[in-house]
Amino acid sequence: MILSRLGMTHPTSMSGGILCDPGQGISVGSLGKARKHETVHAVIVRDVSLAGTMNGVWIKTWQGGRGYVRNILFDRINMIASDHPIIIDQNYRDHEIRCRNQSWAVQIKTSCTGTLCGTSLTEKAGQIMCSQMHPCRDICMEDINLTLTREATQPVLSA
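As annotated in an unreviewed UniProt entry, the protein chain is Polygalacturonase-like isoform X1 from Punica granatum. Looking at the Sequence similarities (unreviewed entry) heading of the UniProt record, one finds this comment for the protein chain: "Belongs to the glycosyl hydrolase 28 family." The heading Subcellular location (unreviewed entry) in the UniProt record of the protein chain holds the text "Secreted, Cell wall".

Engineer: Give me the lowdown on the overall build of the protein chain, citing residues and values where you can.
Structural biologist: Broken down by element type, the protein chain carries zero helices and 11 strands. Reading the protein chain from its N terminus to its C terminus gives the helix and strand order β-β-β-β-β-β-β-β-β-β-β. Split into buried and exposed, the 159 residues of the protein chain put 42% on the buried side. Summarising the internal contacts of the protein chain: among those between residues at least 6 apart in sequence, 90% fall at separations of at least 24.

Engineer: Any chance you could break down the state of the cysteines for me, citing the residues and the numbers?
Structural biologist: Taken as a whole and assessed by the stated rule, the structure comprises two disulfides. Across the disulfide, Cys-130 is cross-linked to Cys-136 (sulfur-sulfur distance 2.1 Å). Disulfide Cys-130 to Cys-136: torsion about the S-S bond roughly -105°, handedness left-handed. For Cys-130, a relative accessible area of 27% gives the class partly exposed. When the bonded cysteines of the protein chain are counted from the start of the sequence, the pairing works out to 1-4, 2-3.

Engineer: A description of the environment of Asn-91 should follow, citing residues and the corresponding values.
Structural biologist: Among the structural elements, Asn-91 can be located in strand β6 (residues 84–92). Apart from the residues lying within four places of it in its own chain, the contact partners of Asn-91 are Thr-61, Gln-63, Met-129, Cys-130 and Ser-131. Of note is the side chain of Asn-91, whose polar atom sits 3.5 Å from the backbone oxygen of Cys-130.

Engineer: Which residues make up the sheet that holds strand β9 (residues 126–129), and what are the values?
Structural biologist: Pairing within the open sheet is parallel, and its four strands lie in the order β2-β4-β6-β9. Single-partner strands in this sheet number two, and they are β2 (26–31) and β9. Going from strand to strand, the sheet's axes swing by 10° on average, the running direction of each strand aside. In this structure, strand β4 (residues 55–62) lies alongside β6, joined through six bridges in parallel fashion. The residue of β6 that forms the bridge with Trp-62 is Tyr-92.

Engineer: Give a detailed account of the nonpolar core, specifying residues and quantitative values.
Structural biologist: Core analysis: the largest hydrophobic core is formed by 23 residues, its most contacted members being Val-28, Ile-59, Val-69, Ile-72, Phe-74 and Ile-77. Of all the elements in the fold, those that place two or more residues in this core are β2, β3 (37–51), β4, β5 (66–82) and β6. If near-sequence neighbours (up to four positions away) are discounted, Val-69 is found in contact with Val-28, Leu-31, Val-40, Ile-59, Thr-61, Val-106, Gln-107, Ile-108 and Lys-109.

Engineer: Any chance you could break down unusual backbone geometry for me, citing the residues and the numbers?
Structural biologist: At Ala-34, a residue that is not glycine, the phi angle is positive and equals roughly 60°. Inspection of the secondary structure assignment puts Ala-34 in the loop between β2 and β3. Given a relative accessible area of 68%, Ala-34 falls into the exposed group. Even without being glycine, Ala-81 reaches a positive phi, approximately 55°. Mapped onto the elements, Ala-81 comes out in strand β5.

Parameters at a glance
- Within every chain, residues take consecutive numbers counted from 1 along the sequence as written.
- Local features are withheld for residues below a pLDDT of 70 in this predicted model, meaning they are given only at 70 or higher, and side-chain atom pairs are given and counted only at 80 or more; totals for whole chains, interfaces and linings count all residues.
- Calculated side-chain values reflect all of the structure's heavy atoms, with hydrogen atoms and water omitted.
- UniProt positions are given in the numbering used here, feature names are shortened, and annotations may be inferred rather than shown by experiment.
- Only DSSP runs of H or I with at least four residues qualify as helices, and only runs of E with at least two residues qualify as strands; both kinds are numbered from the N terminus onward.
- Here the term buried applies to any residue with accessible area under 20% of the maximum for its type, exposed to any over 50%, and partly exposed to those in between, with areas from a 1.4 Å probe on protein chains only.
- Residues count as neighbours in contact if any of their non-hydrogen atoms are within 4.5 Å of one another.
- Note on terminology: disulfide denotes any pair of cysteine sulfur atoms within 2.5 Å.
- Definition of a polar contact: a pair of N or O atoms within 3.5 Å, with one able to donate and the other able to accept a hydrogen when the atoms are protein atoms, and with sequence-neighbouring residues admitted only if both atoms are side-chain atoms.
- Whether two strands pair comes down to DSSP finding at least two bridges between them.
- Structural elements are reduced to axes, namely lines fitted to C-alpha atoms, with helices fitted over the stretch in contact, and the angle between N-to-C directions of any two is expressed from 0 to 180 degrees.
- Buried residues of nine kinds, namely Ala, Val, Leu, Ile, Met, Phe, Trp, Tyr and Cys, make up a nonpolar core once their side-chain atoms join them within 4.5 Å.

Encoded structure:
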């Protein structure tokens, strides 16, 4: 589920009984591709379950973009066998080739996690990758309780 392809400029809330099973998880992102100026602020994601997702909660911005991501809250998120439960990435790219550090970046500021619990398929449950030129600011992670599991989940929903 991607919350920001259109560059939201007004408060957005997503909560209550939402299940992502399987898939990419919840992404605020793909902002700043091709040096675009994009902004997202005041997003609340609460009371969501993620089962067998590749990613859990994810904020991603492209290198070289402009703008900002501010006041994002992921709270009361239950993860079941997520590959990468928490990702904040200011240097996103869609290929493995290394890029030189860009002089611009979409600023990520005041982004927090509240209660995040469940299981991770990887030992490294969180990744924060910030720009050297315009680094992330005021990132807080509180009340995270993820345990390592080696068992992938079967989809809860079927087509």
